[in-house]
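Chain by chain, the residues:
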Amino acid sequence: MAQVGPEPKRLRDDIRSIAQLNMLHNLAAALNMLGDVEEIAAAITAELRTIIDYHNCRVYLLQPDGDTLFPVAFRGELFTDYATESLPALVTKLGEGITGHVALTKTSLLTPDARQIDFSVTIPGTDDDLLESMLAVPMIAGDEVVGVIVLSKLGFAQFDEDDRRLLEVLASHAAVALQTARLLDAERREARVSGALLRLSQAMTSERTVGEIFQRAIETVPTIVPCVAAAAYTRDEETGAFRVARVFAVGAHTTKPRSEIADIPKEVAENFLFSETEPFVLPQEMAVQVPADLRFIDDPGAVLVTPLRWDADGFGAIVAVGEMDGAPFDDDALSFARGIGDITSLALGNARRLSELERFHELVETLDAIFWEADAKDFRLTFVGGRADPVLGPDAGSWPSQGKAWGDHVHERDRDAAELAVRWASDEGRDTTLEYRVRTPSGQDVWVRDLIHVVRRSRGPQQLRGLMVDITERKQAEQALQASERKYSEAFRREREAAQQLRALDDMKNTFLEAVSHDLRTPLTSILGSAITLERANMDLPQEDAVDLVRRIATNARKLERLLGDLLDLDRLQRGIVSPQRRPTDVGELIRRAVDETEDRNGHNLTVDVEPFMVSLDAPKVERIVENLVTNALRHTRPGAEVWVRAVPKDGGLLLIVEDDGTGIPPELREEIFEPFRQAPGSATGHSPGVGVGLSLVKRFAELHGGRAWVEDRPGGGASFRVYLPSG
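Residues numbered from 1 in each chain as written. Predicted model: local features only at pLDDT ≥ 70, side-chain atom pairs only at ≥ 80, totals over all residues. Heavy atoms only, no water.

*Asks:* Hey, could you go over the sheet that holds strand β21 (residues 653–660) for me, with residue numbers and the actual values?
*Replies:* Two orientations exist for strands paired in a sheet by backbone hydrogen bonds: parallel and antiparallel. One open sheet holds the five strands; their spatial order is β18-β20-β21-β23-β22, and the pairing between them is mixed. Of all strands in the sheet, those bounded by a partner on one side alone are β18 (605–610) and β22 (708–713). Each neighbouring strand pair of the sheet contributes to a mean axis angle of 15°, computed without reference to strand direction. Pairing analysis gives six bridges linking β22 to strand β23 (residues 719–725), with the strands arranged antiparallel. Its bridge partner lying in β23, R708 is registered against Y724. The strands that helix α17 (residues 619–635) touches are β18, β20 (642–650), β21 and β23; relative to β21, the one it contacts most, it runs at about 15°. (Pairing = 2+ DSSP bridges. Helix = DSSP H or I, 4+ residues; strand = E, 2+ residues; numbered from the N terminus. Axes fitted to C-alpha atoms, helices over the stretch in contact; angles between N-to-C directions. Contact = heavy atoms within 4.5 Å.)

Here you go:
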């Protein structure tokens, strides 16, 4: 056979080089136009086939875990042994086999016979003694390994150095293109997730109920985290069981009706609730262990659980279920779920706080008073509200925007003295009470009593807050009394008694307004301040600070709820529209539960001595009696003092005794302290003792049962409060 001369071989090499250069030029341009990893890998396998003859080409990408090499493209001839290769079998690890070795060392490998490589690995399903040539080149961008391109061909020495150099040049282009595509894909995913979270956050601002918030949340979950269904659960505070609130199926998947989904008992939930603060994943093998009647979907895959917590006592979870035998939830899914959980928890807390604020505003609107705020320096009004129209006129609410100051409304005869008194109060930082006249828009003169509070900061007075009450009727009564005094002595005596009664009623009204305005406004101010801080933080606030603010909001909201409840109970009792709902009750258990739930911040030594016995009574009202008596004892005794709670059967009923070793109650006050808004001189802890309705409720709840409440001296010093309740 004639030998091929050097000239024809050189010509073939030149033609091959030209074809390779054209391919590289075209492929580099094509790769730069592609933005998807799989499209880039497919383009590499297709273009290589035009200039390098191979039986098998695989493009591996190094995964985010930094250890797994995953084949994103595979091209081979079906009539060879490669036809038996499967995707799971092709997945390899860094340092494992020829592919893993090239990725680890960042060095190309060209072998005429793969069997000669000590660290080569035979893919399951192929011939162990298969003779094949292999060329593996790392794809490197900078110092980072992106992946590996692997070529195989049956036979000995089927690839040469020119093929290696060509593949190395191609690999450098491919590495940059794949890395860029990965970054673009990550940016697209982050943008999609951020957009979904932003839309969820915006939508939550318009939702007012727990159900609406849950529905928004579970509809958002599948747009961010791949799943087949999602549900929202809430935990019952008393039983600890979890109840499904909302369910949502994705696409063609179906969930059970809510009526067919049983509550998850506390003991079952505790076996699967790995965390109450951070999202976690239940593997499929664990998820299928949940009893069938508790599931909201029949064939679950892995389960992603996102705990929800709002205020101090609200707790629940969003549960997302993956495809049966599908991929598990990854770290990104946990991170995205955490974002959904944070937004949902915040929305649930806001919904509860809005409800509390609405109740507060309803109460304020029922008070026949005017509320105002002004700058402490120039008296410029910053707020005017309440029932201002009859006294100040219909435009009083707009006075702050008109630049009006406190004092402009005062009658000219009283203005100088009133402004001087307020200036003195501001400079001294002391609260004051004024009485002055105001000329109404209709031209009438009315008297008002203005209770003024000076808000101080570290640098001195910052703000004035006041509450105006119309006292014209009282003033007119006083003037009528003075006139009658000069004419009729007997009439004067009767008028004086009437005036004293009127004054007593007015004092009680003012005491109520002073106490309520302080005890309502103080927690409201804290709620508003914390809520504004959260609003302005724009989600950049550290988590521990945000949790602290939310805790403060919850604490003050509960104070408002308790105060409103006491006032409403007192009103219903005074109107006689409450009747006892007696039931046989274990007195020992009731008293211990009430004492355990009473807050004590001053380290008192509290002793409970009560044996179990049954009495027919209204348990919630008796529980309030115990709570109010214990709270009163803790409030009016020094920190660390002794407080005793006892209960004994008496005449078929109950005798409750709460004693302390404090200063006791003076005899002249022992009847008065049980009247509404009447209090002992002060508390042992140095703060305001409250609005004075606790002991009044104790007395009226006792009378509601046909019993009574009284106070005696305790042997050895202190007070002994006693309540007798006959059995029904």
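*Asks:* Break down the packing of aromatic side chains for me, with residues and values.
*Replies:* A full pass over the atoms with the stated rule returns eight aromatic pairs. Measuring from centroid to centroid gives 6.4 Å for F214 and W310, while their planes differ by 75°, and the two rings are edge-to-face. Of this pair, F214 sits in helix α6 (residues 210–224) while W310 sits in strand β10 (residues 303–310); the two residues are 96 residues apart in sequence, bridging distant segments of the chain. Overall, W310 belongs to the buried group, its relative accessible area being 7%. Measuring from centroid to centroid gives 6.4 Å for F379 and W406, while their planes differ by 90°, and the two rings are edge-to-face. Of this pair, F379 sits in the loop between β12 (370–375) and β13 (381–386) while W406 sits in the loop between α11 (399–402) and α12 (412–428), and the two are 27 residues apart along the sequence. Each of the two residues, F379 as well as W406, counts as buried. Put simply, the rings of W372, F379, W406 and Y436 touch in pairs and so form one group of aromatic residues. A cation sits over an aromatic face here: K475 above W447, 4.5 Å from the ring centre. When the ring centre of W710 is taken as origin, the NZ or CZ atom of R708, which lies over that ring, is 3.7 Å away. (Phe/Tyr/Trp six-rings, centres within 6.5 Å; stacked < 30°, edge-to-face > 60°. Buried < 20%, exposed > 50% of the residue type's maximum accessible area, 1.4 Å probe, protein only. Lys NZ or Arg CZ within 6 Å of the ring centre and 35° of its normal.)

*Asks:* Kindly report on the environment of G385, identifying the contributing residues and their values.
*Replies:* If you trace the backbone, G385 turns up in strand β13. Between the alpha carbons of G385 and A396 there is a distance of 7.9 Å; along the sequence they are eleven residues apart. In contact with G385, not counting residues within four places along its chain, are A369, I370 and F371.

*Asks:* Talk me through the sheet that holds strand β11 (residues 314–321); I want residue IDs and the actual numbers.
*Replies:* Here we have five strands laid out as an open sheet, ordered β8-β7-β11-β10-β9, and antiparallel in their pairing. Where the open sheet ends on each side, the last strands, each with one partner, are β8 (242–249) and β9 (280–282). Each strand of the sheet is rotated relative to its neighbour by a mean of 25°, with strand direction disregarded. Here strand β7 (residues 229–235) runs beside β11; their pairing, made up of six bridges, is antiparallel. Note on β11: the bridge partner recorded for A232 is I318. Against the sheet, α6 makes contact with β7, β8, β10 and β11, and its axis sits at roughly 50° relative to β8, the strand it touches most.

*Asks:* A description of the pairing of β10 should follow, citing residues and the corresponding values.
*Replies:* With seven of eight residues buried, β10 lies mostly within the body of the structure. As paired elements, β9 and β10 share three bridges and run antiparallel to each other. Each bridged residue has a counterpart across the sheet, and for F280 the counterpart in β10 is V305. Note that β10 and β11 share eight bridges and pair antiparallel. Across the sheet, P307 pairs through a bridge with A317, a residue of β11.

*Asks:* A description of the packing of α17 against helix α18 (residues 694–704) should follow, citing residues and the corresponding values.
*Replies:* One can describe the packing of α17 onto α18 by two numbers: an axis separation of 9 Å at closest approach and a directional angle of 150°. The handedness of the crossing between α17 and α18 comes out as left-handed. Where α17 abuts α18, its residues K621, R624, I625, N628, L629 and N632 lie against G694, L695, L697, V698, F701, A702 and L704. (Left-handed = near helix turned anticlockwise from the far one by under 90°.)

*Asks:* I'd love a proper account of the environment of T68, names of residues and values included.
*Replies:* With respect to the helices, strands and loops of the structure, T68 is situated in strand β2 (residues 68–76). Residue T68 is classed as buried on the basis of its relative accessible area, which comes to 12%. For the pair formed by T68 and T92, sequence separation is 24 residues and the distance between their alpha carbons is 6.1 Å.

*Asks:* Summarise the side chain of K256; cite the residues concerned and give the values.
*Replies:* Tracing the backbone through its elements, the reader meets K256 in the loop between β8 and α7 (266–272). Among buried charged residues, K256 stands out as having no salt bridge; its nearest opposite-charge side chain is D298, 4.0 Å away. Within the structure, the side chain of K256 is placed 2.6 Å from the backbone oxygen of A292, a separation counted as a polar contact. Within the local environment of K256, its side chain forms a polar contact with the backbone oxygen of R295, the two atoms lying 3.4 Å apart. What K256 contacts, discounting residues up to four positions off in sequence, is V247, I261, A292, D293, R295, F296 and D298. (Lys, Arg positive; Asp, Glu negative; His and termini not counted. Salt bridge = Lys/Arg side-chain N within 4 Å of Asp/Glu carboxyl O. Polar contact = N/O pair within 3.5 Å; in protein donor to acceptor, adjacent residues only side chain to side chain.)

*Asks:* Let's hear about the environment of G240: which residues, and what values?
*Replies:* Inspection of the secondary structure puts G240 in the loop between β7 and β8. The sequence separation of G240 and I264 amounts to 24 residues, and the corresponding C-alpha distance is 9.0 Å. Aside from chain neighbours lying at most four places away, what touches G240 is R235 and K266.

*Asks:* Please set out the packing of helix α16 (residues 587–596) against α17 residue by residue, giving values where relevant.
*Replies:* Packed helix pairs are specified by the crossing angle of their axes together with the interaxial distance, meaning the distance between the axes. In the contact formed by α16 and α17, the axes pass within 9 Å of each other and the chain directions differ by 50°. Between α16 and α17, the crossing angle belongs to the class labelled oblique. When the axes of α16 and α17 are compared, the crossing they make is right-handed. Contacts between α16 and α17 involve L590, I591, R593, A594 and V595 from the former and A619, V622, E623, V626 and V630 from the latter. (Parallel < 35°, antiparallel > 145°, perpendicular 65-115°, else oblique.)

*Asks:* Account for unusual backbone geometry, naming residues and giving values.
*Replies:* A positive phi is found at K106, a non-glycine position, where the angle reads about 60°. With respect to the secondary-structure elements, K106 resides in the loop between α4 (97–105) and β4 (109–111). In the Ramachandran plot, A157 falls in the positive-phi region, its phi being about 55° despite a non-glycine side chain. Inspection of the secondary structure assignment puts A157 in the loop between β6 (144–154) and α5 (161–204).

*Asks:* Can you explain the pattern of salt bridges? Please cite residues and give values.
*Replies:* In this structure the tally under the stated criterion is 26 salt bridges. In this structure, R474 and E435 form a salt bridge, with 2.8 Å as the shortest nitrogen-oxygen distance. With R474 in helix α13 (residues 472–487) and E435 in strand β14 (residues 432–439), the pair connects residues that are 39 residues apart, well separated along the chain. Among the residues examined, R474 registers a relative accessible area of 10% and is labelled buried. Residues K699 and E675 are paired through a salt bridge, measuring 3.1 Å at the closest nitrogen-oxygen approach.

*Asks:* Mind laying out the nonpolar core, listing which residues take part and the relevant values?
*Replies:* I591, L629, L654, L656, F721 and V723 are the most contacted members of the largest nonpolar core, which totals 38 residues. Contributing elements (two or more residues each) for this core: α16, β19 (614–617), α17, β20, β21, α18, β22 and β23. Looking at which element gives the most residues to this core, the answer is α17, with eight residues. Counting residues in each nonpolar core, the second largest holds 29 residues, with I213, C227, I340 and A351 among its members. (Core = buried A, V, L, I, M, F, W, Y, C linked by side-chain atoms within 4.5 Å.)

Keep in mind these values describe shape, not function.
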